[in-house]
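Analysis of the macromolecular model
These are the residues of each chain, in order.
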Amino acid sequence: MPRFLCLLLSLAACSGGNPSSGGGGGGGPPPTGLPDLRLERVVDGLASPVFVTAPAGDPRLFVVEQPGRIRIVRGGALLPTPFLDLTAKVSSGGERGLLSVAFHPRYAQNGFFYVNYTGQGGHTRVERYRVGANPDQADPASAQLVLFVEQPYSNHNGGLVMFGPDGKLYVGMGDGGSGGDPQNHGQDASTLLGDLLRLDVDAGQPYAIPADNPFVGQAGRRAEIWATGVRNPWRFSFDRTANLLYLADVGQNRWEEVNVVPAGQAGVNYGWRIMEGSSCYPSGGCARTGLTEPVLEYSHSDGCSVTGGYVYRGRAIPGLRGHYFYADYCNGWIRSFRYAGGTVSDRHEWELGNVGNISSFGEDADGELYVVSHAGAVYKLVPA
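Notes on the sheet that holds strand β24 (residues 334-340)
Sheet architecture is open: four strands sit in the order β22-β23-β24-β25, paired in antiparallel fashion. The outermost strands of the open sheet, each flanked by one partner alone, are β22 (306-307) and β25 (343-350). Direction of pairing for β24 relative to β25: antiparallel, over a ladder of six bridges. In the strand pairing of β25, Arg335 is matched with Glu349.

Structure below.
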């Protein structure tokens, strides 16, 4: 999660020569031909929202509130009754809380959805629920524990659950917290901390291990792991058109990073704690063999906590298609770039006004993009 208390989080120890470092206003003059944008307020009055999404083919928006509720926006109105209220089960504050929701690709048929939250003991829980007889309310009694991961510290929980284009459930797990990954979880494949996990929730109870996960059958390595070497992958997303995985990893003291790899590439090592961004951590020399470096990074002179977003694939703003949007939680700017053929291009910083600390982006069923302000509002990117 962004540094919700280094401002709000202590995602790092918050102290404040790469061709893709993103300093200064997004990296050069604005690309030509981009449309003018504005942020249209969709809803406000929310309690610390951290995520927004929608099931396939569903016109509603589902907003995750950090204290433990999922709210529905229908027809532009916030429904008074939560879709699901987990406040009695959730430990909220700092980087803890209800952090995301993912709807099963066949939600319209099976009614399943998955949540990621920190429970009363401070540990990560991924649970499955089912919608109730009323489509605007879930059945709280349908809870099934999918995954439990002990957290040694109160920060770096990761927190995102998301279905990939392959139908598997991906779970972002931070390195367990403190500062500098003192237990080296990022490079230890015997633990689920510091990893991106990949689970098949359709082939087993509560899940099965996909046969093509990289550590299947390897002694001393967890078969749930899809990728390693992450510090706190607060937000990641898939560009289904280009079949790419975008992962924004929150940095320690110097660098924030965005990584892009083919969605089907197993066993990626993003480098933490050997590297922070494209630099050795803490400094000096390091062995980079086998490590995947970010396609873009920016220094802590330009922000302090990256909030990853999505590649725009909607229809309302054709000139934006292919642009990946991201933000900085502390400085509040919103930027985008295109990625193709291993190259970052068309980098741009958008002048959209100050909406406070940006905790997340979101995508609706039509592929339109939303911006979530931790201060309590959700905005939609629309043509100016």
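Examining the environment of Asn110
Structurally, the position occupied by Asn110 is in helix α2 (residues 107-110). Residue class for Asn110 comes out buried when judged on its relative accessible area of 16%. Along the sequence, Asn110 and Arg231 sit 121 residues apart, while their C-alpha atoms lie 34 Å from each other. Dropping the residues within four chain positions of it, Asn110 is found in contact with His104 and Arg130.

Describing the sheet that holds strand β8 (residues 112-118)
Within the open sheet, the four strands sit side by side as β7-β8-β9-β10. Their pairing is antiparallel. Each having just a single partner strand, β7 (98-103) and β10 (138-149) make up the two edges of the open sheet. Between one strand axis and the next, the sheet turns by 25° as a mean value, whatever way the strands run.

Regarding the nonpolar core
Among soluble globular proteins, nonpolar side chains are generally buried collectively. One finds Ile70, Phe83, Phe113, Phe325, Ile334 and Phe337 to be the most contacted residues of the largest nonpolar core, which totals 75 residues. Per-element accounting of this core gives the leading share, five residues, to strand β16 (residues 244-249). Those residues in contact with Phe337, other than ones at most four positions away along the chain, are Tyr246, Val258, Val295, Leu296, Gly322, His323, Tyr324, Tyr326, Val344, Ser345, Asp346 and Arg347.

Re the state of the cysteines
A full pass over the atoms with the stated rule returns two disulfides. Residue Cys280 pairs covalently with Cys286 via a disulfide, S to S 2.1 Å. Because the sign of the S-S torsion sets the handedness, a value of about -75° for the bond joining Cys280 and Cys286 places this disulfide among the left-handed ones. A relative accessible area of 25% places Cys286 in the partly exposed class. The disulfide partner of Cys304 is Cys330, and the S-S distance across this bridge is 1.8 Å. A residue pair is termed long-range when its members are at least 10 positions apart, and Cys304 in the loop between β21 (296-299) and β22 and Cys330 in the loop between β23 (323-328) and β24 qualify at 26 residues.

Things to note about the pairing of β10
Sheet analysis places strand β9 (residues 124-131) next to β10, joined by seven bridges and oriented antiparallel. In the sheet register, Val131 faces β10, and the bridge partner there is Ala138. What sits between β9 and β10 in their antiparallel hairpin is a turn of six residues.

What about the layout of surface pockets?
Reported here for the largest pocket is a volume of approximately 610 Å³. In terms of lining, the largest pocket is formed by 26 residues, of which the most central are Thr53, Ala54, Phe163, Arg240 and Glu363. Only β2 (49-53), β7, β11 (161-163) and β15 (235-239) provide two or more residues apiece to the lining of the largest pocket. Each pocket or cavity is described by its volume, and for the second largest pocket that value is around 200 Å³. In terms of lining residues, the second largest pocket is bounded by 15 residues, among which Pro59, Leu61, Asp364, Tyr370 and Lys380 are the most central.

Calculation notes
Residues numbered from 1 in each chain as written. Predicted model: local features only at pLDDT ≥ 70, side-chain atom pairs only at ≥ 80, totals over all residues. Heavy atoms only, no water. Pairing = 2+ DSSP bridges. Helix = DSSP H or I, 4+ residues; strand = E, 2+ residues; numbered from the N terminus. Buried < 20%, exposed > 50% of the residue type's maximum accessible area, 1.4 Å probe, protein only. Contact = heavy atoms within 4.5 Å. Axes fitted to C-alpha atoms, helices over the stretch in contact; angles between N-to-C directions. Core = buried A, V, L, I, M, F, W, Y, C linked by side-chain atoms within 4.5 Å. Disulfide = S-S within 2.5 Å. 1 Å grid on protein atoms, 1.4 Å probe; cavity = no way out; pocket = protein on both sides within 12 Å on 5 of 7 lines; lining within 4 Å. Points joined across faces, edges and corners; volume = space filled by probe spheres on them.

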